[in-house]
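Analysis of the macromolecular model
Here's the letter readout for the chains.
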Amino acid sequence: MKQIVDQIKEKIMEKQVPETSWFSPFNVVTGIILGIGLILTILRFTMGLETVTNLDNNTPWGIWIGFDLLCGVALAAGGYVTSATCYIFGLKRYHSAVRPAILTAFLGYALVVLALHYDVGRPWRLPYPVFYSQGTSSLLFEVGLCVFLYLSVLFIEYSPAALEWLGFKKARNIIIRLTLVLTIFGVILSTLHQSSLGALFMIVPSKLHPLWYSSYLPVYFFISSMFAGMSMVIFEGSLAHRFLHHKMDQTHLDESLGVALGFSKAASLVMMGYVCIKLLGLSLDNNWHYLTTGWGIWYLVELVGFVIFPALLFAAAHREKNLTFARIAALWTILGIVLNRFNISIIAFNYHLPADQRYFPSLMEIGTSIFIVTLGVVIYRFICTRMPILHEHPDYKSH
Amino acid sequence: MDIFTLQEFYTFTKGNTYLIMGAILVFMPLYWRFLTDRDDD
């Protein structure tokens, strides 16, 4: 055991990049954000929720749920989308995108759980629904169980990279044999909890504006998670190209254009399908008359500006083989997903309340969310610069 | 159209929805063609 711990310590301390100044712009900015985040964390856990948040009885769920959880889970969908594409549908040309997507998903879900510790009143009771008192008729129980199981699945799916890096060949080979089972398990769990997150809002028909409230919310959430995940894979690939180029091997560099254009095509089609089912939802609930109101214009901004427009841009990217279009569309789609989740959980939530009673996040809430995202970026960078995520380990054949 | 009962509401909204579904059935294959017509280049 001591030998294993020593090996891990030695690997972490190993120099992976040439000696550079500790005071690079990246380190300074992230250092400041993490420092402020730590202060906010101490405030949150010593002084309570009231000190750092603007939450009240009208709005018990703020941006820590609307952004950190809803957006975090949706944008981490790249993990199940990419692994299903590669291992279930057999499209091996997207294999190089699997490990970065799985890592993003794993970190995304881990940070969702971390953010949840800040948001719930008694975080030490988070394991209760799974291990102590199962509320099997509750959607939150289903979400909690799925996130718990899927985070475990993602950890196992990610672990071969860490085991290759540590040189634990035997353990790595055992886990590699489980790839298909884990992928299937991951798709099932994602289908369940992505949709259940939407279903959570079906309990508030009188609080959520009718344009966003629908009995099809679970379907909307699940389908939107698919193109959110694909967009994240494209966006994260472009960031890796820009900042971690030296860590990518020739296979990853050669396949990156195909990954971006292939995912653009798929995302474009799914987004148009999403628009179609949104129209069907509008029609079934007979909500057309709301479209001419201020809320209706805001709804159209979301649907036309942040779904139809990037869908057409993705289509143009695929037709013209234009990587820049794909990257812009991916970023636009990610913003659209954030806007959609914000609309449902915050902006169109309690829409009937007077302005002075509406929720607006405090600076400390926003700071905590930025801290959690920054933490994710730092850990992602730490792992990518050390472990075989953007390149294949020379000692192992591709599986 | 005046709507007084749930039956009338569903008759009205489902009628519209079927028309939209018909339009989608035409639109989506056309969009797929638009998306893929240069794939063999």
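In what follows, the structure referred to is the one given above.
Residues numbered from 1 in each chain as written. Chains lettered and ligands numbered in written order. Predicted model: local features only at pLDDT ≥ 70, side-chain atom pairs only at ≥ 80, totals over all residues.

**Points about the overall build of chain B**
Helix and strand content of chain B: one helix and zero strands. Expressed as lengths along the three principal axes of its C-alpha atoms, the size of chain B is roughly 55 × 15 × 10 Å. Counting the 41 residues in chain B, one finds 2% classified as buried. (Helix = DSSP H or I, 4+ residues; strand = E, 2+ residues; numbered from the N terminus. Buried ≥ 20, exposed ≤ 12 C-beta atoms within 10 Å, placed from the backbone.)

**A closer look at helix 5 (residues 78–88) of chain A**
Residue and element names in this part refer to chain A. Counting buried residues along helix 5, nine of its 11 residues qualify, which places the element largely inside the surrounding structure. Buried within helix 5 we find G78, G79, Y80, V81, T82, S83, T85, C86 and Y87. Buried positions along helix 5 lie against helix 6 (98–119), helix 8 (139–166), helix 10 (179–199) and helix 11 (217–243). Two residues or fewer past helix 5, G90 is found with a positive phi of approximately 75°. (Contact = placed C-beta atoms within 7 Å.)

**Topic: the interface of chain A and chain B**
Contacts between the two partners involve 13 residues from chain A, matched on the other side by 13 residues from chain B. Secondary structure elements with two or more residues in the side of chain A that touches chain B: helix 12 (250–284) and helix 13 (294–320) of chain A. Take the side of chain A that touches chain B: its biggest share by element is nine residues, from helix 12 of chain A. Of the residues that constitute the side of chain A that touches chain B, the class distribution is seven nonpolar, four polar and two charged. (Nonpolar A, V, L, I, M, F, W, Y, C, P; charged D, E, K, R; others polar.)

Geometric values such as these leave the question of function open.
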